[in-house]
2 protein chains.
Amino acid sequence: MSRMGFWRKKKRIFLDYASTTPVLLEVKRAMGPYFSEHFGNPATLYQEGIDAKKAVEQARKKIARILGSRSEEIIFTGSGTESANLALWGVINSYQGKKAPHIVTTTIEHPAVREVAKAIKAVGGNVTLIHPNENGLVTASSIREALREETILVSVMYANNEIGTVNPIREIGKVIREYKEEKGTSLYFHTDASQAPNYLPLNVSSLGVDLMTLDASKVYGPKGVGMLYARRGTRLLPIMYGGGQEYGLRSGTENVAGIVGMAVSLEMATRDREKEAKYLSFLRDYAIEKILKQFPKASLNGSCAERLPNNINICIPGMNAEFAVYLLDALGISVAYASSCRTLAEGASSYVIEALSKKECAVSSLRITMGRGTRKNDIDVLLKALPSIVLRAR
Amino acid sequence: MSRMGFWRKKKRIFLDYASTTPVLLEVKRAMGPYFSEHFGNPATLYQEGIDAKKAVEQARKKIARILGSRSEEIIFTGSGTESANLALWGVINSYQGKKAPHIVTTTIEHPAVREVAKAIKAVGGNVTLIHPNENGLVTASSIREALREETILVSVMYANNEIGTVNPIREIGKVIREYKEEKGTSLYFHTDASQAPNYLPLNVSSLGVDLMTLDASKVYGPKGVGMLYARRGTRLLPIMYGGGQEYGLRSGTENVAGIVGMAVSLEMATRDREKEAKYLSFLRDYAIEKILKQFPKASLNGSCAERLPNNINICIPGMNAEFAVYLLDALGISVAYASSCRTLAEGASSYVIEALSKKECAVSSLRITMGRGTRKNDIDVLLKALPSIVLRAR
């Protein structure tokens, strides 16, 4: 063997944790026994089934503790997208009023909400889309103004997946409750909290939400598992029918390993929340300051104060963000333009950044999202690479 | 350490492979790297995303080869239940005719089809339910008689999950094609093939189906993954909206590990099909003969000839099947009464066996389903235990 073989494969720098996260070792370990060993179907009544059922119910309890909810308010699904679909279609399909139902949501939602809202409109529902303010935040007053007697659902994301802004969910919850009390109408509040668990509190009572979407694959859990919190008494119809699992709201054999993994990943997120938020906020502010210094015309997209600790989203005017992503990839650095979750038709332009009235930034912004694996040195490597990348990506 | 510690934990005998299967070692190994190592989101454009996308597309190709279909005719979902829902709702929701749409299905379908059919009826669709013959088989002529001009979908399961009968899908496909040509109507044929891949051929052209549901968790793959085959040109609307994954028909981040696992599990099933079918047919016939000898009043539920190699479903008049399952469980043997997939409301009675006009057998039948782990000795242990169990379970 030649000594030439001893080169080390260069480690890549992953800075797109908002798109997905690797499964933590602890999560993988917890899932392990549920593939081949404890493989029973929770619907069966002998030992293997009882073991599987127990694992699912323990996971439910763990998550309920984190959300401050009842166990039976947790419905496991196959993804965040499915959870959001269940929340929106579930409420719409169980609506029995005479007037066409009305829902209120925002122009910066993830497609899992935005596209459902479009589809609801296509079948005759009324949809009001609220713009965020120039900081990318959805204000409680803008939601309040959109409420009508026939409004049956408000859906506002907790933290935005692209620009990392954190919406005032408690305040929005409060104006919705006040409106309901004043008018005596039935009106639910859903939040897509997929980006929240690593950095933000999830207590559903203090948030004041009736429905909350979570996705394991954004919190270092497995892909293919999500959940919907649905407050007791929320009137929902399923989007899938069958064996009647998950309190009749989500049929299909439970993904036992995935559910066990999701619970552990949410526990880990809760345990490390403060520490991770502190460390990544420091790195975030350091990177933002450096980039704004490197590029005098650059600007931060979205609020600086109400922002996820791991999100850096910067507009560098004149830069072709799509090209910059390719160039950075060639250097071994993974970042995103817009978000991974746009629909194909939207191409490389960001509808979220357009909603900030920064149209020119929609194709010139990079999303850099950090995570558990990110070190200061990774950011330094990125900062060092940026000037020549930006020069080339015109 | 006392020698007393050296007792061996008694191995259980699992005889409910129709409810779910353990993940094969080869499948688990193939999935392994996609949890924490190649964890990218297939929607992203840098290396990690490209790797994930490649894995998904390779899995799609592998499965297409097994089905004799095009890759782009495979839509990955979260379960067999979701696939069946997508097939039925997908066709119904894309229907634009003036008359109420009509679908034809059977009284022995899995709830994933049966409950959707009910829900379709509840929203104004017309549903014809076909009874099987006394052998538990759905005949092509009975389907032919039910077809009408406004029929847009026929859904007949390939192999029944409870009594293991194998329906004449080719023949049914043929009469449907003939009807379509004769009348010039648009009409799709869906088969729920969840129980088929371990023992039956899956070529969609020779089966003559437009839509086919498969579930990884019944073929020694992971829970939480399924797929729908949809022939090119089939008009479907999604049941979930979002990022537009899976050709716009199933939004949500792809369960990369699960999809990779499903492909390997189907490959293994195809490779070992003949061998497994031969061995288990022998064990099945051996067990059936012995049980019918042990209990002179016992009878086999469903056709003997057109039957899955792993399915033994026997009525022992007077036996309380639910109680027998509990008693066998206490002896370390897992079998089922009815199926694991009934809805809760149905309790312990089997609607499938009722459909055979053997009403008294609906609560007195045991489903014994074998699999890759089953040995002749397991069957002998069961046979030895049965007489006293049946005596007690009255």
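Everything quoted here is computed from the prediction, not taken from an experiment.

Looking at the domain arrangement of chain A
All names here are of chain A. Once the domains are mapped, chain A shows domain 1 (25–268) and domain 2 (273–392). Using only C-alpha atoms to locate each centre, domain 1 and domain 2 end up separated by 28 Å. Residue-level contacts link 32 residues of domain 1 with 30 residues of domain 2. Buried surface at the junction of domain 1 and domain 2, both sides included, amounts to about 2,500 Å², of which 55% is carbon and sulfur. Three residues, Glu162, Ile163 and Tyr199, lead the burial of domain 1 against domain 2; their summed loss comes to 34% of the area buried on that side. Taken together, the connections running from domain 1 to domain 2 amount to zero salt bridges. A total of three residues in the side of domain 1 that touches domain 2 trace back to one element, the largest contributor, which is helix H5 (residues 111–122).

Some remarks on empty space enclosed by the protein
All told, the structure shown has 16 cavities of 30 Å³ or more when counted by the stated rule. When its volume is computed, the largest cavity comes out at roughly 170 Å³. Within the residue set of the lining of the largest cavity, elements represented by two or more residues are helix H4 (80–94) and strand S7 (211–215) of chain B. Here the lining of the largest cavity is built from residues that sort into five nonpolar, eleven polar and three charged. What the second largest cavity holds in volume is close to 120 Å³. Residue lining of the second largest cavity: 15 residues in total, with A:Thr81, A:His110, A:Ala112, A:Asp215 and A:Lys218 positioned closest to the centre. Tallied by class, residues from the lining of the second largest cavity come to two nonpolar, ten polar and three charged.

Focus: the layout of surface pockets
When its volume is computed, the largest pocket comes out at roughly 750 Å³. Along its surface, the largest pocket is lined by 24 residues, and A:Trp89, A:Asn93, B:Trp89, B:Asn93 and B:Val123 are the ones closest to its centre. Of all the secondary-structure elements, those providing two or more residues to the lining of the largest pocket are helix H4 (80–94) and H5 of chain A together with H4 and helix H5 (111–122) of chain B. Of the residues belonging to the lining of the largest pocket, the class tally is 20 nonpolar, four polar and no charged.

Here we look at the interface of chain A and chain B
Each side of the interface is counted separately: chain A has 57 residues, and chain B has 57 residues. Carbon and sulfur atoms make up 59% of the area that chain A and chain B hide from each other, which totals about 4,800 Å². A salt bridge links B:Glu48 to A:Arg12; the nearest nitrogen and oxygen atoms lie 3.1 Å apart. The tally of links between chain A and chain B comes to 20 residue pairs in polar contact (both at pLDDT 80 or more). Put simply, the parts of the chain that give the side of chain A that touches chain B at least two residues each are helix H1 (25–31), helix H2 (33–36), helix H3 (47–67), H4, H5 and helix H10 (321–330) of chain A. It is H5(A) that provides the largest number of residues to the side of chain A that touches chain B, a total of five residues. Looking at the side of chain A that touches chain B residue by residue, the classes come out as 23 nonpolar, 22 polar and twelve charged.

Some remarks on the relation of the copies chain A and chain B
Aligned on chain B, chain A shows an RMSD of 0.0 Å; the corresponding rotation is 180° and the shift along the axis is 0.0 Å. In short, the pair behaves as if placed about a two-fold rotation axis. Using C-alpha coordinates, one finds that chain A approaches the rotation axis most closely at A:Gly78, a distance of 2.9 Å. Here 100% of the interface residues in chain A have copies in chain B that are interface residues too; the copies meet face to matching face.

Concerning the sheet that holds strand S6 (residues 188–192) of chain B
Residue and element names in this part refer to chain B. On the basis of which strands lie adjacent, the open sheet formed by seven strands has the order S2-S8-S7-S6-S5-S3-S4 and mixed pairing. With partners counted over all chains shown, the strands left at the sheet margins are strand S2 (74–77) and strand S4 (126–130), one partner each. Taken over all neighbouring pairs, the strand axes of this sheet differ in orientation by 20° on average, direction set aside. Packing of H4 onto the sheet brings it into contact with S2, strand S3 (102–106), strand S5 (151–155), S6, S7 and strand S8 (226–230), and relative to S7 it is tilted by some 160°. Along the sheet, helix H9 (residues 256–294) makes contact with S2, S7 and S8, crossing S7 at roughly 100°.

Concerning the pairing of strand S7 (residues 211–215) of chain A
Residue and element names in this part refer to chain A. Counting buried positions along S7 yields five of five residues, so the element is predominantly enclosed. Sheet topology places strand S6 (residues 188–192) next to S7; three bridges connect them, and they run parallel. Residue pairing for S7: Asp192 is matched across the bridge by Thr213. Sheet analysis places S7 next to strand S8 (residues 226–230), joined by five bridges and oriented antiparallel. Its bridge partner lying in S8, Met212 is registered against Tyr229.

What counts and what doesn't
Residues numbered from 1 in each chain as written. Chains lettered and ligands numbered in written order. Predicted model: local features only at pLDDT ≥ 70, side-chain atom pairs only at ≥ 80, totals over all residues. Heavy atoms only, no water. Domains from an automatic or database assignment. Contact = heavy atoms within 4.5 Å. Buried area = accessible area lost by both parts, 1.4 Å probe. Salt bridge = Lys/Arg side-chain N within 4 Å of Asp/Glu carboxyl O. Helix = DSSP H or I, 4+ residues; strand = E, 2+ residues; numbered from the N terminus. 1 Å grid on protein atoms, 1.4 Å probe; cavity = no way out; pocket = protein on both sides within 12 Å on 5 of 7 lines; lining within 4 Å. Points joined across faces, edges and corners; volume = space filled by probe spheres on them. Nonpolar A, V, L, I, M, F, W, Y, C, P; charged D, E, K, R; others polar. Polar contact = N/O pair within 3.5 Å; in protein donor to acceptor, adjacent residues only side chain to side chain. Least-squares fit on C-alpha atoms with pLDDT ≥ 70 in both. Pairing = 2+ DSSP bridges. Axes fitted to C-alpha atoms, helices over the stretch in contact; angles between N-to-C directions. Buried < 20%, exposed > 50% of the residue type's maximum accessible area, 1.4 Å probe, protein only.

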